Amino acid sequence: MTNKKIIALAAALLALSPQLSTATQNDAECKNTVVEVCQKGSTATKPFKGVWKAGSGFNDAAIELDFYGKSVVGVDNDFNEVKCYGTIHVGRGTNANNYKVEDCIITAWKADGNKAEITYESGRDGNTYKTTLTVNPAKRTLTVGDVTRVSDSEYGDRLLPDGLVLKKK
């Protein structure tokens with residue numbers, strides 16, 4: 001496919017989705033968008049799909065995402081398996097006696113480039129939270145920021161920390 005055809009295709013796709021970014025003939029490397037256009041050809045990318053992990057042992061975290069197919073299986077607060085946009089697992093402690101686990105399901109998302117605001121339900125305290133996930137494709141990382149409880153509950157025991165950086169597997 002020639003560069004002109006690639007650019008025309010990208011422009012047509014941009015008209016359909018606000019999450020896509022523009023491309024020029026001079027792009028030397030792919031941009032982190034839903035559709036990427038490269039000098040060598042076009043490649044469809046899904047930055048918010050995959051598994052990212054951090055830590056090990058009694059301090060670990062994993063986030064699995066599929067914003068595009070809602071294919072991730074998680075467990076809701078009633079212990080039912082549900083298809084969701086992703087799951088968040090965080091384990092914190094110093095030994096088996098004080099190890100705390102939080103497993104969450106992602107129920108909604110809104111992406112803008114390499115950032116997405118997500119809503120998730122905590123399996124630990126039952127509250128609903130919002131946070132921002134930022135993908136860095138060059139470093140293959142996912143960073144968590146601005147975790148905020150949106151439930152009316154006055155109680156909350158979230159384990160997902162602001163500033164957590166996970167590496168794509």
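All figures in this text were calculated on a predicted structure; none of them were measured in a lab.

A.B. asks: Can you walk me through the overall build of the protein chain in this structure?
C.D. replies: When helices and strands are counted, the protein chain shows one helix and 12 strands. Ordering the α and β elements of the protein chain from the N terminus gives α-β-β-β-β-β-β-β-β-β-β-β-β. Looking at the protein chain as a whole, 34% of its 169 residues qualify as buried. In the protein chain, the proportion of contacts linking residues at least 24 apart, taken out of those at least 6 apart, comes to 36%. Looking at the protein chain as shown, the accessible area adds up to about 9700 Å², and 50% of this sits on carbon and sulfur atoms.

A.B. asks: How do you make sense of the pairing of strand β7 (residues 86-92) when you look at a structure like this?
C.D. replies: Successive residues of a regular strand alternate their side chains across the two faces of the sheet. Of all seven residues making up β7, five are buried, and the element is well covered by its neighbours. Pairing geometry for strand β4 (residues 59-66) and β7, over seven bridges, is antiparallel. Each residue of the ladder has a partner; that of Asn59, found in β7, is Arg92. Alignment of β7 against strand β8 (residues 100-112), held across seven bridges, turns out to be antiparallel. Each bridged residue has a counterpart across the sheet, and for Gly91 the counterpart in β8 is Val101.

A.B. asks: Where do I start with the nonpolar core in this structure?
C.D. replies: Core analysis: the largest hydrophobic core is formed by 26 residues, its most contacted members being Ile63, Leu65, Ile88, Tyr120, Val144, Leu160 and Leu166. Sorting the residues of this core by element identifies β3 (49-56), β4, β7, β8, β9 (115-122), β10 (128-136) and β11 (141-149) as the ones contributing at least two each. Setting aside residues no more than four positions away along its own chain, Leu65 makes contact with Phe48, Lys49, Gly50, Trp52, Val72, Tyr85, Gly86, Ile106, Leu133 and Leu142.

A.B. asks: Sorry, what's going on with the packing of aromatic side chains here?
C.D. replies: Here a ring pair, both rings aromatic, is described through the centre-centre distance and the interplanar angle of the planes. As enumerated under the stated definition, the model contains six aromatic pairs in all. Relative to Tyr129, the ring of Tyr120 has its centre 5.4 Å away and its plane inclined at 20°; by these criteria the two rings are stacked. Neither residue differs from the other here; Tyr120 and Tyr129 are each classed as buried. Every member of this aromatic cluster is reached through a ring pair, and the members are Phe48, Phe67, Tyr68, Tyr85 and Trp109.

A.B. asks: Sorry if this is basic, but what is going on with unusual backbone geometry here?
C.D. replies: Positive phi values are uncommon outside glycine, yet Lys70 reaches one of about 45°. Even without glycine at this site, Phe79 takes up a positive phi of about 65°. The topology assignment puts Phe79 in the loop between β5 (72-75) and β6 (81-84). A relative accessible area of 72% means that Phe79 is categorised as exposed.

About the criteria used
Residues numbered from 1 in each chain as written. Predicted model: local features only at pLDDT ≥ 70, side-chain atom pairs only at ≥ 80, totals over all residues. Heavy atoms only, no water. Helix = DSSP H or I, 4+ residues; strand = E, 2+ residues; numbered from the N terminus. Buried < 20%, exposed > 50% of the residue type's maximum accessible area, 1.4 Å probe, protein only. Contact = heavy atoms within 4.5 Å. Areas by Shrake-Rupley, 256 points an atom, 1.4 Å probe, with all protein chains shown as cover. Pairing = 2+ DSSP bridges. Core = buried A, V, L, I, M, F, W, Y, C linked by side-chain atoms within 4.5 Å. Phe/Tyr/Trp six-rings, centres within 6.5 Å; stacked < 30°, edge-to-face > 60°.

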